[in-house]
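Below are the chains, spelled out letter by letter.
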Protein chains: 2
Amino acid sequence: MPKLNLDMSRGKPCAEQLALSDAMLAVPAEMLMKTPAGVDARNYAVLDGIDEMKTFLGELMDIPAKNISVGGNSSLNLMFDAIARYMVFGTGNGETPWGQQGKLKWICPVPGYDRHFGITELFGFEMVCVPMTAAGPDMDMVEQLVKDPSVKGMWNIPKYQNPTGITYSDETVRRIANLKPAASDFRVFWDNAYFAHDIYETQDSLLNIFTECEKAGNPDLPLIFSSLSKVTFPGAAISCLASSDNNLAHIRKILSMQTIGSDKVNQLRHLRFFDFSTENFYAHMKKMGEVIRPKFDAVLEILDRRLKGVASWTVPNGGYFVSIDLPNGTAKSVVAKCKEQGVIFTPAGATFPYGDDPNDSNIRIAPTVPPTGELVQAMEVFCDCVLECK
Amino acid sequence: MPKLNLDMSRGKPCAEQLALSDAMLAVPAEMLMKTPAGVDARNYAVLDGIDEMKTFLGELMDIPAKNISVGGNSSLNLMFDAIARYMVFGTGNGETPWGQQGKLKWICPVPGYDRHFGITELFGFEMVCVPMTAAGPDMDMVEQLVKDPSVKGMWNIPKYQNPTGITYSDETVRRIANLKPAASDFRVFWDNAYFAHDIYETQDSLLNIFTECEKAGNPDLPLIFSSLSKVTFPGAAISCLASSDNNLAHIRKILSMQTIGSDKVNQLRHLRFFDFSTENFYAHMKKMGEVIRPKFDAVLEILDRRLKGVASWTVPNGGYFVSIDLPNGTAKSVVAKCKEQGVIFTPAGATFPYGDDPNDSNIRIAPTVPPTGELVQAMEVFCDCVLECK
């Protein structure tokens, strides 16, 4: 058998998913010049998104349009910038900038997203792991941790979490909204990347953190991030940050020095593609889910058939990943063995801060890219290696 | 006479200039999907620009493609980020981050660009003014100032400077390249925004700071910024940062945590529009200049006719501005009087750090936006006000 050459390491849309948005590149030029409100999208002006995009995203996220700030093509960049801003300027309520407060800590639900952990590692936070349960992060631990004033933030992917696919329960969201952190400049980073990324008929629903925090008298607690990267084109979509009036006033003051404005033509291109209709948006997302559903089915079928009793895994209703826990001490060997056979998985440990999975057990499977035939091959190789290493 | 409603405050392209790039919005979808090298522009991957865009910009700027990093739609954002990065992480050669070195200073040629000064003010630098001469900033002063180790940077718009339209002489560029700053983490911020923005037959030429710094054994000195904002669409173009291998290695290490990559579809859109040809690019820029030349002609004719002996002004060969020095102590009153009559100019003082023109004399004229007829009206009002206030 020739050596395989399959990459299952990143959560990327596949060719068929990308093709679903190709019509967006064919929106006629004359529809990209002026916004419905009459703003020339081609020229300077408008700091953080045209009104129509704020309304559209606001409707999707059930957050007032005025509380939404539209960025460029990368929500990761918005998260990085949010932390950089607080490092240098503080959160805007008179507290000392994070960068001048000495050693600080950050809460990291695990397993989680390697790029989140990469950012907080770079900025020098001590990352404190909190295990994910079926209802979200262990909230008893989180409530304890925020009593420490050096704890300044917490990563969250609240819906179809990367990598577990778990959606936070209503109780988890309410407990987060009602946190009483010792640090007044503690912020919940809420990366709602998969807010509309259902795969199956059964869909998870997530409580609205914006509203819950308002109810709890904690309106400034969350910074809510999202994007259309896995809606249209990962390389060329739209990101956004939603937060309280107070947080956004501080952010916009600094942002107005940082840039003259985000790309309005691309915002308009997205809106024209969906014809300004959230209904069209959801119809599009349904097709997205249909493309990758057979891939998730295949992965789950193989795991069920070959690894029952050997490993455990999550069965997500949406998102981009399946998270597998192998027998302790075997994940690294399995990934290495797969690589020898030409099948690339996300490096073992990547789902933990500092790349260090203390149990050497968790592996993230990203089934979206390979065609189903190759995916099946890759998963059979994976199962062979797991059974060899157990 | 009805009250006028004219805005000459910002250096924005006019409608006819924007129209010159409208065909870029009509590049067929199938030409936007794959780069010539075979990268899917729609998907994730490629940190800081597709190879073809680096080659294209490199050719325009006469800098090796490998020394170019392509950003989003805002070069101002690249400058802000560059400073934020050095504040938090330092310049990468083992020096303490700027944010931990106490009070720092920044060299600001005046008159200059308000948004540059806004950034260094926000980051808390003490801005030290150096007057612009006909050959660029007063280099005797600059050479003295960099002996102070708390001086960390210097703003420059070396070609068709905003607002004077002056281009640095070869000697000025060489003296900058040969600076021996006391601080090893001193950086020259080189905002080459108007590198190809000629208006008249007589064109200024600027010595290549990248090459000159290499020759001087100072390769890490400059961070060179530019953009296509005033080439295609200010709201939806391409920015870039060029620097030494050493500087870019440090920047890319951090950038790889900040974003998954810049918008490749928009890079490809630009390249297709120019058909990858710098010749087409220059033909396009020639048309740009032809559109605004009559506007500059009109402004200069009126000034010549009405303010000779009263005020002095620059006569630029390119760029977006004319800089006028009025009798001391009158600039604020003139701008206020113009506003009463419905003509908006850039606020007096804006061309100086902290908005403070010690002579209350300099005014920046941005002639590009109004149609020539209105421009003439506005300039007549301006001259009336100057003559009233002198």
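Definitions and cut-offs
- Residues numbered from 1 in each chain as written.
- Chains lettered and ligands numbered in written order.
- Predicted model: local features only at pLDDT ≥ 70, side-chain atom pairs only at ≥ 80, totals over all residues.
- Helix = DSSP H or I, 4+ residues; strand = E, 2+ residues; numbered from the N terminus.
- Rg over C-alpha atoms; globule rule 2.2 N^0.38 Å.
- Buried ≥ 20, exposed ≤ 12 C-beta atoms within 10 Å, placed from the backbone.
- Domains from an automatic or database assignment.
- Contact = placed C-beta atoms within 7 Å.
- Least-squares fit on C-alpha atoms with pLDDT ≥ 70 in both.
- Axes fitted to C-alpha atoms, helices over the stretch in contact; angles between N-to-C directions.
- Parallel < 35°, antiparallel > 145°, perpendicular 65-115°, else oblique.
- Left-handed = near helix turned anticlockwise from the far one by under 90°.
- Nonpolar A, V, L, I, M, F, W, Y, C, P; charged D, E, K, R; others polar.
- Pairing = 2+ DSSP bridges.
- Right-handed = clockwise from strand over helix to strand, strands pointing away.
- Core = buried A, V, L, I, M, F, W, Y, C linked by C-beta atoms within 7 Å.
- Expected span 1.5 Å × (residues − 1).
- pLDDT = per-residue confidence, 0-100.

Student: Got a minute to help me understand the overall build of chain A in this structure?
Tutor: Across its full length, chain A carries 12 helices and 13 strands. Since a compact globule built from 390 residues should have a radius of gyration of about 21 Å, the 21 Å found for chain A is in line with a globular shape. Counting only C-alpha atoms, chain A reaches 60 × 55 × 30 Å along its principal axes. Every one of the 390 residues in chain A was classed for burial, and the buried ones make up 54%.

Student: Could you clarify how one ought to interpret the domain arrangement of chain A in this entry?
Tutor: A common way to state how big an interface is: give the accessible area lost once the parts meet. Residue and element names in this part refer to chain A. One can read the domain layout of chain A as domain 1 (6-20 + 280-389) and domain 2 (32-277). Of note, the centres of domain 1 and domain 2, computed from C-alpha atoms alone, are 26 Å apart. Across the boundary between the two partners, domain 1 contributes 28 residues, which contact 32 residues of domain 2. Those elements that provide at least two residues to the side of domain 1 that touches domain 2 are α10 (278-306), β11 (322-325) and β13 (362-365).

Student: It is not clear to me how the relation of the copies chain A and chain B should be interpreted in this structure. Could you clarify?
Tutor: Copy one and copy two of the chain differ by a rotation about a common axis and a shift along it. With an RMSD of 0.0 Å, the operation that places chain A on chain B is a rotation of 180 degrees combined with a shift of 0.0 Å along the axis. Overall, the copies show the geometry of a two-fold rotation axis. Both copies share a contact surface, since 100% of the interface residues of chain A are interface residues in chain B too.

Student: How should I be thinking about the packing of helix α11 (residues 331-340) of chain A against helix α12 (residues 372-389) of chain A in this particular structure?
Tutor: Any two packed helices are characterised by how steeply their axes cross, that is the angle between the axes, and by the distance between the axes. Residue and element names in this part refer to chain A. Orientation of α11 relative to α12, taken along the N-to-C sense of each, is 135 degrees, at an axis distance of 9 Å. Taken together, the axis directions place α11 and α12 in an arrangement best described as oblique. At the point where α11 passes α12, the crossing takes the right-handed sense. For the pair α11 and α12, the contacting residues are Ser333, Val334, Lys337 and Cys338 in the first and Val381, Phe382, Cys385, Val386, Glu388 and Cys389 in the second. Its residues assigned to classes, the contact of α11 with α12 shows 7 nonpolar, 1 polar and 2 charged.

Student: Explain the packing of helix α10 (residues 278-307) of chain B against helix α12 (residues 372-389) of chain B to me, please; I cannot follow it from the model alone.
Tutor: All names here are of chain B. Interhelical geometry of α10 versus α12 gives an angle of 25 degrees and a closest axis separation of 10 Å. Taken as axis vectors, α10 and α12 run roughly parallel relative to one another. As for how α10 packs across α12, the hand of that crossing is right-handed. Contacts between α10 and α12 involve Pro294, Lys295, Ala298, Val299, Ile302, Arg306 and Leu307 from the first element and Thr372, Leu375, Val376, Met379, Glu380, Cys383 and Val386 from the second. Broken down by class, the residue content of the contact of α10 with α12 amounts to 10 nonpolar, 1 polar and 3 charged.

Student: Looking at this model, I keep getting lost on the pairing of strand β3 (residues 105-110) of chain A. Mind explaining?
Tutor: Residues and elements named next belong to chain A. Burial analysis of β3 places 6 of its 6 residues in the buried class, the great majority of the element. What you see with β3 is no split at all: Lys105, Ile107 and Pro109 on one side and Trp106, Cys108 and Val110 on the other are buried throughout. Inspection of the sheet shows β3 paired to strand β4 (residues 126-133) by 6 bridges, in the parallel sense. Counterpart to Lys105 in the pairing with β4 is Glu126. For the handedness criterion, the β-α-β arrangement of β3, helix α4 (residues 114-122) and β4 is classed as right-handed. Relative to strand β6 (residues 151-156), β3 runs parallel, the two being bridged by 3 bridges. Directly across from Lys105, in β6, lies its bridge partner Val151.

Student: Teacher, can you tell me more about the pairing of strand β9 (residues 239-242) of chain B here?
Tutor: A regular strand carries its side chains on alternate faces of the sheet. Residue and element names in this part refer to chain B. Of the two faces of β9, the one holding Ser239 and Leu241 and the one holding Cys240 and Ala242 are both buried throughout. As judged from the 3 bridges shared by strand β2 (residues 68-70) and β9, these two strands associate in the antiparallel manner. Its bridge partner being in β9, Val70 is matched across the sheet by Cys240. Sheet analysis places strand β8 (residues 222-227) next to β9, joined by 4 bridges and oriented antiparallel. What sits directly across from Ser227, in β9, is Ser239.

Student: Got a minute to help me understand the nonpolar core in this structure?
Tutor: One broad trend across soluble globular proteins is that nonpolar side chains are buried collectively. Among the nonpolar cores identified, the biggest contains 172 residues, and Met79 and Ile83 of chain A together with Met79 and Ile83 of chain B are the most heavily contacted of them. Setting aside residues up to four positions removed in sequence, Met79 of chain B forms contacts with Ile119, Phe189, Asp191 and Phe225 of chain B.

Student: When you look at the environment of Val46 of chain B in this model, what are you seeing that I'm missing?
Tutor: All names here are of chain B. Position of Val46 among the secondary structure elements: in the loop between α1 (15-19) and α2 (51-61). Spatially, the C-alpha atoms of Val46 and Ser262 are 7.7 Å apart, while their sequence positions differ by 216 residues. For Val46, the residues in contact, after removing those within four places along its chain, are Val39, Gly261 and Lys264.

Student: Please explain the interface of chain A and chain B as it appears in this structure.
Tutor: Across the boundary between the two partners, chain A contributes 40 residues, which contact 40 residues of chain B. For the side of chain A that touches chain B, the elements supplying multiple residues, two or more each, are α3 (75-89), α4, α8 (245-258) and α9 (264-273) of chain A. Split by residue class, the side of chain A that touches chain B holds 22 nonpolar, 12 polar and 6 charged.

Student: How should the environment of Val128 of chain A be read in this particular structure?
Tutor: Residue and element names in this part refer to chain A. The topology assignment puts Val128 in strand β4. Here Val128 falls in the partly exposed class, since 17 other C-beta atoms lie within 10 Å of it. Through-space distance from the C-alpha of Val128 to that of Pro353 is 8.3 Å; in sequence the pair is 225 residues apart. Aside from chain neighbours lying at most four places away, what touches Val128 is Lys105, Trp106, Ile107, Cys108 and Leu145.

Student: Sorry if this is basic, but what is going on with the sheet that holds strand β11 (residues 322-325) of chain B here?
Tutor: To summarise the sheet geometry, strands pair through backbone hydrogen bonds and adopt either a parallel or an antiparallel arrangement. Residues and elements named next belong to chain B. Ordered by their spatial adjacency, 3 strands build an open sheet running β10-β11-β13, and the pairing between neighbours is antiparallel. The open sheet has two free edges, formed respectively by β10 (312-313) and β13 (362-365), since each of these has just one partner strand. In terms of strand pairing, β10 meets β11 through 2 bridges, oriented antiparallel. Of the residues in β11, the one forming a bridge with Trp313 is Ile324.

Student: In this structure, what is going on with unusual backbone geometry? I would like to understand it.
Tutor: Glycine aside, the phi torsion of most residues is negative, and most peptide linkages are trans. Residues and elements named next belong to chain B. With an omega of -5 degrees, the peptide bond between Val110 and Pro111 qualifies as cis. Relative to the elements of secondary structure, Pro111 occurs in the loop between β3 (105-110) and α4 (114-122). A cis geometry characterises the amide bond from Asn162 onward to Pro163, with omega recorded as 15 degrees. Note that Pro163 resides in the loop between β6 (151-156) and α6 (170-177). A positive phi is found at Tyr160, a non-glycine position, where the angle reads about 45 degrees.

Student: Sorry, what's going on with the sheet that holds β13 of chain A here?
Tutor: The 3 strands are arranged β10-β11-β13 (chain A) in an open sheet whose pairing can be described as antiparallel. One side of each edge strand has no neighbouring strand; the edge strands of this open sheet are β10 (312-313) and β13 of chain A.

Student: Even after reading the chapter, I still don't get α4 of chain B, so can you show me in this structure?
Tutor: The periodicity of an α-helix, 3.6 residues per turn, causes residues three or four positions apart to be oriented the same way. Of the residues making up α4 of chain B, those classed as buried are Asp114, His116, Phe117, Ile119 and Thr120 of chain B. Packing partners of the buried residues in α4 of chain B comprise α8 of chain A together with α3 (75-89), β3, β4 (126-133) and β6 of chain B.

Student: Explain α12 of chain A here, please?
Tutor: With 18 residues, α12 of chain A should cover 26 Å at 1.5 Å per step; its first-to-last C-alpha distance of 25 Å lies within 8% of that length. Summarising the contacts, the buried residues of α12 of chain A are in contact with β1 (6-8), α10, α11 and β12 (343-345) of chain A.

Student: Can you walk me through the confidence of the model for chain A in this structure?
Tutor: Scored by pLDDT, chain A comes out at a mean of 97, with 99% of its residues at no less than 70. Our summary of model confidence lists the complex with pTM equal to 0.97 and ipTM equal to 0.97.

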